[in-house]
Amino acid sequence: MTSRRRLALLLILGGLARGAWSALVPVDPVSDSAAYFTFATNLAKHGVFGWRADAPDAYWPPGAPALYALAFGLVGAGGSAVVLVNTLLFGAKLALLSWLAGRWYGERAAWVAGLVVALSPTQIVLTTVLTSEMAFDASLLAGVAWFERHWRTPSVASGAGLGLLIAATSFVRPTALPLAVALGALALFRGAPIARTLLSTAVALGVMSAAIAPWSMRNHALFGRWVVISANGGANLWMGNNPDSSGRYMALPPAATRMDAAARDAWLGAEAKRWMLEHPGSALELAARKLAITHATETIGVVWNERGLRAAGAAGAIPALKALANVSWWALLLLGIAGFAQRMRATASRALLTEVALPIWVYFAMVHAVTVAQDRYHLPSVPFIAALAGAAVATRGTARAKPPHG
């Protein structure tokens with residue numbers, strides 16, 4: 001089967017699965033999803049990013065709410081707009097990951113990676129959730145695909161394109177901000193022309209800065225201090241690094257609630273850093289615990305849909321759906337580790353570092369080992385773990401196809 005037919009088949013299968021899910025389970029926002037719904041509604045109706053039309057804020061990044069707000073403006077603020085956005089993002093993710101996995105590890109790997117995006121339970125149930133994960137994945141994969149197309153022949157144009165894509169990704173989650181420099185370093189490590197790569201990377205950083213600057217200036221006007229995109233980095237660091245931290249989300253201390261978002265974030269970040277320096281052993285122990293928390297389960301998609309499932313009269317299915325999501329995730333994780341081990345055997349260590357999938361997985365894992373952990377935070381790594389899983393399956397299939405020695 002050609003790559004185009006494979007992509008078409010997976011788009012159809014994934015689209016049918018998402019259509020069936022959204023027909024059965026209504027969009028009923030809770031937690032972060034409810035926050036995004038509020039932000040998107042205020043953006044669509046009033047052009048203001050915040051909890052209220054008269055109270056602009058910057059605690060959360062604006063990228064994902066702005067995307068849903070665009071759909072609200074086109075088709076109305078409701079579940080249909082959410083499903084439309086998430087289904088389109090699924091298609092973009094599938095196409096980009098299929099191309100990347102095929103480029104990295106071959107057509108069999110592309111099949112496996114595509115199947116994960118199209119049919120894994122969590123990827124399907126996120127169709128009815130307003131979330132940053134879907135937009136972040138699609139934008140991140142677009143940036144990586146752009147890099148893979150252009151790293152051998154870097155130019156001003158390729159740097160500008162990368163800068164725009166990484167800026168867009170950072171508006172969804174600011175953890176993407178370092179990736180322009182990281183990808184430039186990766187290109188140099190691969191042997192790209194030094195002068196042209198440095199120029200292209202400088203252009204990428206300049207374009208990123210220009211794209212983000214208006215929002216940063218808006219935040220400075222709002223708070224009287226610089227907030228690049230969102231004022232929650234210090235809060236997330238504090239949640240994962242304080243005397244009472246379990247490594248997971250926790251409520252902010254009462255003293256912080258009396259500050260504006262920017263002052264609160266700066267204070268919490270300073271408190272977290274002070275505690276980490278004073279208790280390095282405890283901080284390292286928490287980091288190890290957070291790595292485990294981030295990768296241990298994958299029930300968040302079902303949790304975000306629990307109210308919708310109850311409204312649909314399917315409350316009894318919740319435990320089974322959580323179990324199915326976990327089993328699917330554990331299988332993918334094991335295959336991803338197997339793919340990494342296979343690449344270690346097949347590739348010299350220096351060459352392994354020039355691949356994209358593993359470094360990005362490690363990067364996001366370490367971000368949340370340092371800050372705060374939750375199973376949702378491994379979701380941006382899933383496409384790259386899926387590519388490595390595809391490498392494991394592809395290698396096994398190739399090995400079986402080889403004739404025996406002698």
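Here we take up the packing of aromatic side chains. When we look at a pair of aromatic rings, we describe it by the centre distance and by the angle of the planes. Taken as a whole and judged by the stated rule, the model has 11 aromatic pairs. Three or more aromatic residues link up through ring pairs in this structure, and these residues are Y36, F39, F49, W51, Y59, W60 and W215. The ring of F136 is capped by R173, whose NZ or CZ atom sits 5.7 Å from the centre of that ring. Sitting over the ring of W151, R190 keeps its end group 5.0 Å from the ring centre.

For helix α4 (residues 79-105), spanning 27 residues, the distance from its first C-alpha to its last is 38 Å, which sits close to the expected 39 Å at 1.5 Å a residue. Positioned one or two residues after α4, G106 has a phi angle of 105°, which is positive.

This part is about the layout of surface pockets. Approximately 1000 Å³ is the volume found for the largest pocket. For the largest pocket, the lining is made up of 40 residues, of which N232, G233, N236, V372 and Y377 are closest to its centre. Where the lining of the largest pocket is concerned, the elements lending two or more residues are α2 (31-46), α7 (132-150), α11 (233-239), α14 (300-304) and α18 (357-370). Looking at which element gives the most residues to the lining of the largest pocket, the answer is α18, with 4 residues. Reported here for the second largest pocket is a volume of approximately 250 Å³. Every element with two or more residues in the lining of the second largest pocket is listed here: α7, α9 (179-190) and α18. Among the elements that line the lining of the second largest pocket, the one with the most residues is α9, at 6 residues. Residue classes in the lining of the second largest pocket are distributed as 14 nonpolar, no polar and no charged.

On to a nonpolar patch on the surface. A cluster of nonpolar side chains, contributed by L67, L70, L74, V75, L84 and L88, occupies part of the molecular surface with about 590 Å² of accessible area. Within the residue set of the nonpolar patch, elements represented by two or more residues are α3 (63-75) and α4. Sort the elements by how many residues they give to the nonpolar patch and α3 lands first, with 4 residues. The class for L74 is exposed, based on a relative accessible area of 68%.

Conventions adopted
- Residues numbered from 1 in each chain as written.
- Predicted model: local features only at pLDDT ≥ 70, side-chain atom pairs only at ≥ 80, totals over all residues.
- Heavy atoms only, no water.
- Phe/Tyr/Trp six-rings, centres within 6.5 Å; stacked < 30°, edge-to-face > 60°.
- Lys NZ or Arg CZ within 6 Å of the ring centre and 35° of its normal.
- Helix = DSSP H or I, 4+ residues; strand = E, 2+ residues; numbered from the N terminus.
- Expected span 1.5 Å × (residues − 1).
- 1 Å grid on protein atoms, 1.4 Å probe; cavity = no way out; pocket = protein on both sides within 12 Å on 5 of 7 lines; lining within 4 Å.
- Points joined across faces, edges and corners; volume = space filled by probe spheres on them.
- Nonpolar A, V, L, I, M, F, W, Y, C, P; charged D, E, K, R; others polar.
- Patch = residues over 30% accessible without salt bridge, like charges linked within 9 Å, V, L, I, M, F, W, Y side chains within 5 Å.
- Areas by Shrake-Rupley, 256 points an atom, 1.4 Å probe, with all protein chains shown as cover.
- Salt bridge = Lys/Arg side-chain N within 4 Å of Asp/Glu carboxyl O.
- Buried < 20%, exposed > 50% of the residue type's maximum accessible area, 1.4 Å probe, protein only.

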